[in-house]
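# Structural characterization, general
Letter by letter, the chains look like this.
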Amino acid sequence: QSATLHLMRIVVLSPRVAPGILTLAGWDALREASVVRASVDDPHVRAIVSSGIPVDITTDPPSYAPDAAWIAPTGDTAWAHTLADDLMAGGGEPSDVEVVFGSYDLPGSALLDVVEIMDRLRRECPWTAQQSHETLSHYLLEEAHETLEALDNGDSDHLREELGDLLMQIVFHARIAAEGEGWDIDDVAAGIAEKLVYRNPHVFGDATVSSAEEVDANWQRLKATEK
């Protein structure tokens, strides 16, 4: 055991990271605990058990226990922080409970949720299942207009919302294409990634520029070459 005796830890795991892949802080929290508990038996918990760390699966509500570790329901950061707040409000000192992130989401990982949700809607929602590129075309135009309107109004929260609606249309069209047109959302992302790298040689290559105008000129030249 380390010097962090009598410290209860709540370990948060990401559902977007493969089971068994944890940060050093996450592994330390589990290895140093006198007992590890969890309320849900899922692939992440089973991977921890497979590593040699016993986990007590219990339906009892979490309570403060010195040197213990609780594995939060996978991905539920709010649950972990609420539990920590409740335990500390119940009489523990602030240093008695610590939330430890055993795995982190990479930037952009929430996009995977959008793809997964759209896949399920396409399978299970009658309206979504019957849509085509043609039936969605006016929605794409509408969302683009509303995004521009939010941008012109300078309303950042509204812009965030409208960008989400526009993103949904992109994911929707890619999901339809995945059913028989030979490409999907990964091809869309890979295509724009390749284009961004190719058209920005001053960042990803050995080109040099001295102004934003030169960047734009290079972009237009490379674009014309592609065409």
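Look a little higher up for the structure.
Read on for an overview of the structure.

Parameters and conventions
Each chain has its residues counted from 1, running along the sequence as written. Note on the predicted model: pLDDT of at least 70 is required for a residue's local features to be given, and 80 or more for side-chain atom pairs to be given and counted; whole-chain, interface and lining totals, by contrast, use all residues. Hydrogens are left out, water is left out, and the side-chain values use all remaining heavy atoms of the structure. Elements are defined by DSSP. Helices are runs of H or I of four residues or more, strands are runs of E of two residues or more, and each kind is numbered from the N terminus. Throughout, the radius of gyration refers to the C-alpha atoms, and the reference size of a globule is 2.2 Å times the residue count to the power 0.38. We call a residue buried when its accessible area falls under 20% of the maximum for its residue type, exposed when it is over 50%, and partly exposed in between, using a 1.4 Å probe and counting protein chains only. Contact between two residues is taken to exist if any of their heavy atoms lie within 4.5 Å; hydrogens are not considered. Grouping buried Ala, Val, Leu, Ile, Met, Phe, Trp, Tyr and Cys residues that are joined through side-chain atoms within 4.5 Å yields what is termed a nonpolar core. Note on definitions: angles span 0 to 180 degrees between N-to-C directions of axes, and those axes are lines fitted to C-alpha atoms, for helices only across the stretch in contact. In these notes the angle categories are as follows: under 35 degrees is roughly parallel, over 145 is roughly antiparallel, 65 to 115 is roughly perpendicular, and the rest is oblique. By the definition used in this description, the sense in which the near helix is turned from the far one sets the handedness, with an anticlockwise turn below a right angle giving left-handed and a clockwise turn giving right-handed. In this scheme Phe, Tyr and Trp rings, the latter by its six-membered ring, pair at centre separations within 6.5 Å, and the angle between planes marks the pair as stacked below 30 degrees, edge-to-face above 60, and tilted otherwise.

### Looking at the overall build of the protein chain
A tally of helices and strands in the protein chain yields 10 helices and five strands. Over its C-alpha trace the protein chain gives a radius of gyration of 24 Å, far above what one expects of a compact globule, namely 17 Å for 227 residues. Per-residue burial over the protein chain gives 29% buried out of 227 residues. Residue pairs at least 24 apart in sequence account for 63% of intrachain contacts in the protein chain once pairs closer than 6 positions are excluded.

### Observations regarding the nonpolar core
The biggest cluster of nonpolar side chains holds 16 residues, and the ones touching the most others in it are Leu30, Val36, Ile48, Val55 and Ile71. Those elements that place two or more of their residues in this core are α1 (24–32), β2 (35–38), α2 (43–50) and β4 (68–71). No other element matches the three residues that α1 contributes to this core. Those residues in contact with Leu30, other than ones at most four positions away along the chain, are Val11, Leu22, Val36, Ile48, Ile53, Ala69 and Ile71. Among the nonpolar cores identified, the runner-up in size contains 10 residues, and Ile10, Trp70, Ala80 and Ala84 belong to it.

### Quick look at the packing of helix α4 (residues 110–124) against helix α7 (residues 156–177)
One can describe the packing of α4 onto α7 by two numbers: an axis separation of 10 Å at closest approach and a directional angle of 55°. Here α7 runs oblique to α4, going by the angle between their axes. With respect to the hand of their crossing, α4 and α7 are arranged in right-handed fashion. Facing α4, whose interface residues are Leu111, Val114, Val115, Met118, Asp119, Arg122 and Arg123, α7 presents Leu167, Met168, Val171, Phe172, Arg175 and Ile176.

### Quick look at the environment of Glu162
Residue placement: Glu162 occurs in helix α7. Between the alpha carbons of Glu162 and Leu222 there is a distance of 31 Å; along the sequence they are 60 residues apart. Those residues in contact with Glu162 that lie beyond four places of it in its chain are Glu143, Glu146, Thr147 and Ala150.

### Some remarks on the packing of aromatic side chains
All told, the structure shown has three aromatic pairs when counted by the stated rule. The interplanar angle of 20° and the centroid separation of 5.5 Å between the aromatic rings of Phe101 and Tyr104 together place this pair among those described as stacked. The partly exposed category is assigned to Phe101, whose relative accessible area is 27%. Three or more aromatic residues joined by ring pairs make a cluster, and in this case those are Trp127, Tyr139 and Phe172.

### Focus on the side chain of Asp96
Relative to the helices and strands, Asp96 resides in the loop between α3 (77–89) and β5 (97–101). Apart from the residues lying within four places of it in its own chain, the contact partners of Asp96 are His6, Leu7, Met8 and Tyr64.

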